[in-house]
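Geometric and topological summary
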Amino acid sequence: MSHAIGFNLLGAMTAHHGDRQIRLGPAKQQCVLAALLVDANRVIPLDSLLDRVWHEDLPPTGRAVLYSYVARIRRLLSSAGQDGEGTEMPAIIRSSGGYMARVYPSQVDLHRFRSLVVSARNRASDPAAAVERYRAALRLWRGEPLLGLTGRWVEAVRESLAAERTAALMECHAAELRAGRHVTLLPELEAVAKGRPYDEVSLRNLMTALHRSGRSAEAVARYDRTRRLLSEELGIDPSPATQELYQELLRATDAHGQDGAGGAPPREPVIQPQPITRPAQLPPLCRGFTGRHQELSFLDAILTQSPYESGQSRTVLLEGMAGIGKTALALQWSHRAREGFPDGQLYLDLHGSDPRRPPLTPAAALQRCLRQLGIPVPLAQHDVDEVSALWRSVVADQRLLLVLDDAASADQVEPLLPGGRGCATLITTRRRLDRLTVRHEVHPLTVSNLPPDKATDLLAALVGPSRTDAEPEAAELLADACGGLPYAFHVLAVRLHRRPREPLSAMVAQLDRTSPLDLLRTGAFGSASVRALLDTSVKALPGRARRAFPTLGMLSADPFHAEEFAAQAKCTPLEAQDILSALAEEHLLDDSGSHEYTTHALVRCYALEQGDRSNAAVAATPGRGA
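Residue positions are given per chain, counting from 1 as you read along its sequence in written order. With the structure being a predicted model, the display of local features is reserved for residues of pLDDT at least 70 and the display and counting of side-chain atom pairs for 80 or more, all residues being used for whole-chain, interface and lining totals. As a rule here, side-chain values come from all non-hydrogen atoms in the structure, and water together with hydrogens is ignored.

1. A look at unusual backbone geometry
As a reminder of what qualifies: A helix here means a DSSP run of H or I that spans at least four residues, while a strand means a run of E at least two residues long, and both kinds are numbered starting from the N terminus.
The residue E441 is not glycine, and still its phi comes out positive at about 55°. A positive phi is found at K570, a non-glycine position, where the angle reads about 60°. Positionally, K570 belongs in the loop between helix 25 (562-569) and helix 26 (573-585).

2. Let's talk about the packing of helix 17 (residues 452-463) against helix 19 (residues 472-482)
As a reminder, the rule being used: Where helices are involved, their axes are fitted lines through C-alpha atoms of the stretch in contact, as for all axes, and angles between N-to-C directions lie from 0 to 180°. Between 65 and 115 degrees an angle is taken as roughly perpendicular, under 35 as roughly parallel, over 145 as roughly antiparallel, and anywhere else as oblique. Two residues qualify as a contact provided that any one of their heavy atoms is within 4.5 Å of a heavy atom in the partner residue. For this classification, Asp, Glu, Lys and Arg are treated as charged, while Ala, Val, Leu, Ile, Met, Phe, Trp, Tyr, Cys and Pro are nonpolar and the rest, including Gly, are polar.
Their axes nearest at 9 Å, the elements helix 17 and helix 19 cross at an angle of 110°. As summarised for this structure, helix 17 and helix 19 are arranged roughly perpendicular, according to the angle between their axes. Where helix 17 abuts helix 19, its residues A455, T456 and L459 lie against A475, E476, L478 and A479. For the contact of helix 17 with helix 19, the per-class residue count stands at five nonpolar, one polar and one charged.

3. Some words on the sheet that holds strand 5 (residues 91-95)
For the record, the criterion: At least two DSSP bridges between two strands are needed for those strands to be called paired.
Here we have three strands laid out as an open sheet, ordered 4-6-5, and antiparallel in their pairing. At either end of the open sheet lies a strand with only one pairing partner, and these are strand 4 (44-45) and strand 5. Against the sheet, helix 1 (residues 27-38) contacts strand 4, strand 5 and strand 6 (98-102), and its axis sits at roughly 75° relative to strand 6.

4. Quick notes on the nonpolar core
Stated formally: Residues belong to a common nonpolar core when they are buried Ala, Val, Leu, Ile, Met, Phe, Trp, Tyr or Cys residues joined through side-chain atoms within 4.5 Å. Only protein chains enter the accessibility calculation, which uses a 1.4 Å probe; a residue is then buried when its area is under 20% of its type maximum, exposed when over 50%, and partly exposed in between.
By size, the foremost hydrophobic cluster in this structure holds 73 residues, and its most contacted members are L318, W333, F549, L552, F565 and L583. Sort the elements by how many residues they give to this core and helix 26 lands first, with six residues. Ignoring sequence-local partners within four residues, the contact set of L552 consists of F560, F565, L583, L588, L589, T599, V603, R604 and A607. Of all hydrophobic cores here, the second largest spans 57 residues; its members include I5, L24, L37 and F113.

5. Topic: the sheet that holds strand 10 (residues 424-429)
Judged by pairing direction, the sheet is parallel, and its five strands sit side by side in the order 8-9-10-7-11 without closing on themselves. Taken across any chain shown, the strands that pair with only one partner, and hence form the sheet edges, are strand 8 (345-349) and strand 11 (443-446). Recorded for the sheet is a direction-independent mean angle of 15° between the axes of neighbouring strands. The sheet contact formed by strand 8 and strand 9 (residues 401-407) spans five bridges and is parallel. Residue pairing across strands places L346 opposite L402, the latter belonging to strand 9. Sitting on the sheet, helix 12 (residues 326-337) touches strand 7 (315-319), strand 8, strand 9 and strand 10, and the angle it makes with strand 10 is about 160°.

6. What about helix 7 (residues 182-195)?
Given 3.6 residues to a turn, an α-helix orients residues that are three or four positions apart in the same direction. Cut-off, in case you're wondering: To estimate the expected span of a helix, subtract one from its residue number and multiply by 1.5 Å. We define the bend at any residue as the angle between the axes fitted to the seven residues before and including it, ending there, and the seven starting there.
Compared with the 20 Å implied by 1.5 Å per residue over 14 residues, the 19 Å span of helix 7 between its first and last C-alpha is a close match. At E188, helix 7 is deflected by roughly 30°, the largest bend along its length. Listed in full, the buried residues belonging to helix 7 are H182, L185, L186, L189, V192 and A193. Contacts made by the buried residues of helix 7 are with helix 5 (127-138), helix 6 (152-178) and helix 8 (200-212).

Read these as spatial facts, not as claims about activity.
Dropping the structure here:
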């Protein structure tokens, strides 16, 4: 009988074919395989794969080493599966500028774990059946995930997986209590509570089990001990859910004696927090908002659906190039829908692309959110998983709108996602955060250029219809120069307001003598400009893509293919696909999905400038140039 090849990530990384272990080679080669298996059946762009394996320690020959590792892994898998006719063979596939591990989820312990946890959650009405699946999932863990591997990406994955295991364990304990297994569960609950002294979920489970075992006085003592610990070390009180359970235990103890023997067990711990404050943090609406009817309808359909009747996620990811109007769209919808969120509206700028400050860390972001709900969490609290769990507990039954503006990465956003069905979350970002879509069923929406008719409406709204109606042709030409980019219209409007007596045609005349980017700038040294805005996106690119960016300005046609880009960039078509994928990730070009790419007119203009600047620098270098 043949056996499928299996992989273990929840402990030391191993692979096996039946009872035979497969040698996976050196640690970096194992890291390549792990990076593909964690996101199995999903293409990982080449630059992302290199970053996962080496990060800042990428050797000059990193790509060649990666290709070598992939070839070795393929040979290992092929050799291991040769003797198994009918074996389900995993494969490493090159596709769309990256690599993908094609496997059945059942072949990887991590994905079996997640599947079992989902199955357990779907059986919440049958606690015994749910426990059986939770326990089967937890038995797959053999120690610290990816044990023996190192690197920033490995540490981040290890931390994320540990949080997943903790969540599954807490849910398993809750199901076992519902199944009446409090006596047999007590030793495990004691051990977990000892290892997680700040975790109120494990505390409530232990208090419930102690009370049901006739040890109510001990349950009350546990509460008092934790309350003092939280107060002295973190400066906070126990959550409302924990306080409510404590009061129920006191009432049961008073009614039935000190140990509560024979007393009615307290009802299952239910988190019902009542925030001290009702936040209303939405910034003002953006001036001159127009169009976006389809986008607003999409947001209505996802975010205003019944949270208790629909099984869909109520989280939307607005993505698109810099200045395209993602924040304006998010605020327009949020102000319009705010009455549907009676527990408040939280707004958080994550500074994902702000050149003046680094992105907000998940810990700092969680602290701000909780503080706005009246729950102070001091900066000394570094356990992001614990604070994230507290955040989810606090908002579990709230009807709250959360707007996360300018996200930098999925790592930054994931700890902030509420778990409650009543919350809705709206995220804006310049980047494609596909992991959120895969893991959390987030609904992505790409925000595109304003169409020409809406573009002229926006210009009229910003500079006044009297000026645009007086010179309709000039207004149309200026709108065309902005390329449907709302930020460009706002910059142009400032310039026009500075020259109230100057006809629009005078500014149009300047387009014949200069770049549109020279018009779309204002402030000292062009501090507010489309040029500066695009510069922040280009600087965020991986090194190779950043160096190749000026090639976009050299292309004669739009749309174009990777082969045309490769010819101008003097690289191979496969390398060109990697570069173009990185540009598309930052929304500096559009990938239509039919192997064709298009660029925004202002992006192409900026790329041409960058190329001219680079050529001038080369020509000015001694010994170089003509």
